[in-house]
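Structural features, examined
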Amino acid sequence: MNDIVKHERPDPVPASALTGQTPYSAWMRTDALHSLQHPVSDHPGEHAWITSVQVSELYWMLIIKEIQIAQAQLRADDLTQACRTLQRVVAHHEPLNATWRSIAWMTPTDLLSILSRAVATYGKDTALQGWTYRHMVYLLGIKQAEHLQHFTPQPQRWDQLNKALAEPSLYDDVLACLHRNGFPVPAAVLDRDFSVPYVPSKAVEQVWRDVYADQNDNLGLQQLGETLADIAEGFSAWKHLHLMATRRTLRAARLLRHRRRRLAAPDHG
Ligand code: HEM
């Protein structure tokens, strides 16, 4: 287990925390959990929006922790346990991606009436300010340093993300593991600057071809390759669902606004 994983383990619950609680509510922190939704509009769907985003936040953090565990297992060359951990990441994408169903009812007008109240209450926001998602994608190897700028108002999060940016991604640990297993991963790939995006390498592609060359050989590494592909599919599905939701709401709302403006223009024919 690496340091981060150890640090994330909470201290034992003090006896005082159990007063007035059932073991279930003490363990699941239900009082705290259900006090975290604060709608800003009177739109009846805002609670669904907040819940859907908060559930996604929880899953992104869960995926971060799982990837960190898998990285520690890969560094210890425990391929079997690393694959088991990463298969949980594959599984977590199912409920994460299903959260889109909870807000599938949303029309452009619904979205704008909620977002306009959020802007009026908290100021103009963007999902690019979400540090959990950013940490997860840095671990997945999407090293877009330009997104750090959104966290200057949150120095602790900026530090956390800057560290994650500079450290090996999951795939960097996989490549190091392949190298330790005797595959010729080039030194330039292993010793690269981890804060910049990975550049595809013909030599690494050949390594994967060699891993898969015999279906009865390198079974652990083949399983690892398949699990990484499953994670990529789960993540791409989230991106696709996000794009579709954005097209149906924000883009449609912009077109609607543009059309209204054109109709209102005095020279509109
Ligand atoms: C249907 C409603 C939604 C619309 C119209 C929308 C719109 C957008 C837009 C335009 C961006 C690009 C960045 C920006 O201009 O701010 C973005 C990014 C993002 N949104 Fe949404 N979004 C929606 C729902 C959601 C939900 C429900 C979540 C979370 C569960 C979410 C999470 C994100 C994240 C994490 C990014 C950054 C993506 C990346 O950098 O890869 N969005 N969204």
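In the block above lies the structure referred to throughout.
Throughout what follows, the structure given in this document is the object of discussion. (Residues numbered from 1 in each chain as written. Predicted model: local features only at pLDDT ≥ 70, side-chain atom pairs only at ≥ 80, totals over all residues. Heavy atoms only, no water.)

**Comments concerning the overall build of the protein**
Helix and strand counts for the protein come out as 12 helices and zero strands. Walking the protein from its N terminus toward its C terminus, one meets helices and strands in the order α-α-α-α-α-α-α-α-α-α-α-α. Out of the 269 residues belonging to the protein, those deemed buried represent 35%. By sequence separation, contacts in the protein at least 24 residues apart represent 66% of the contacts at least 6 residues apart. Of the roughly 16,500 Å² of accessible surface on the protein, 58% is carried by carbon and sulfur atoms. (Helix = DSSP H or I, 4+ residues; strand = E, 2+ residues; numbered from the N terminus. Buried < 20%, exposed > 50% of the residue type's maximum accessible area, 1.4 Å probe, protein only. Contact = heavy atoms within 4.5 Å. Areas by Shrake-Rupley, 256 points an atom, 1.4 Å probe, with all protein chains shown as cover.)

**A closer look at the environment of alanine 229**
Within the secondary structure layout, alanine 229 lies in helix H12 (residues 219–264). In this structure alanine 229 comes out as partly exposed when scored by relative accessible area, which is 37%. When the C-alpha atoms of alanine 229 and valine 90 are compared, they prove to be 9.4 Å apart, with 139 residues separating the residues in sequence.

**Observations regarding the site of the ligand**
For the ligand, the set of nearby residues contains 19 residues, the closest of which are Thr126, Tyr133, Arg134, Lys239 and His242. Elements represented by at least two residues in the shell around the ligand include exactly helix H4 (46–75), helix H7 (131–139) and H12. Considering every element that reaches the shell around the ligand, the biggest residue donor is H12, with seven residues. Considering only residue class, the shell around the ligand consists of 12 nonpolar, five polar and two charged. (Near = heavy atom within 4 Å. Nonpolar A, V, L, I, M, F, W, Y, C, P; charged D, E, K, R; others polar.)

**What about a nonpolar patch on the surface?**
A surface patch of nonpolar side chains, amounting to about 420 Å² of accessible area, comprises Tyr24, Trp27 and Met28. Structurally, the position occupied by tyrosine 24 is in helix H2 (residues 23–28). Taking the relative accessible area as the measure of exposure, tyrosine 24 reaches 55% and is therefore exposed. (Patch = residues over 30% accessible without salt bridge, like charges linked within 9 Å, V, L, I, M, F, W, Y side chains within 5 Å. Salt bridge = Lys/Arg side-chain N within 4 Å of Asp/Glu carboxyl O.)

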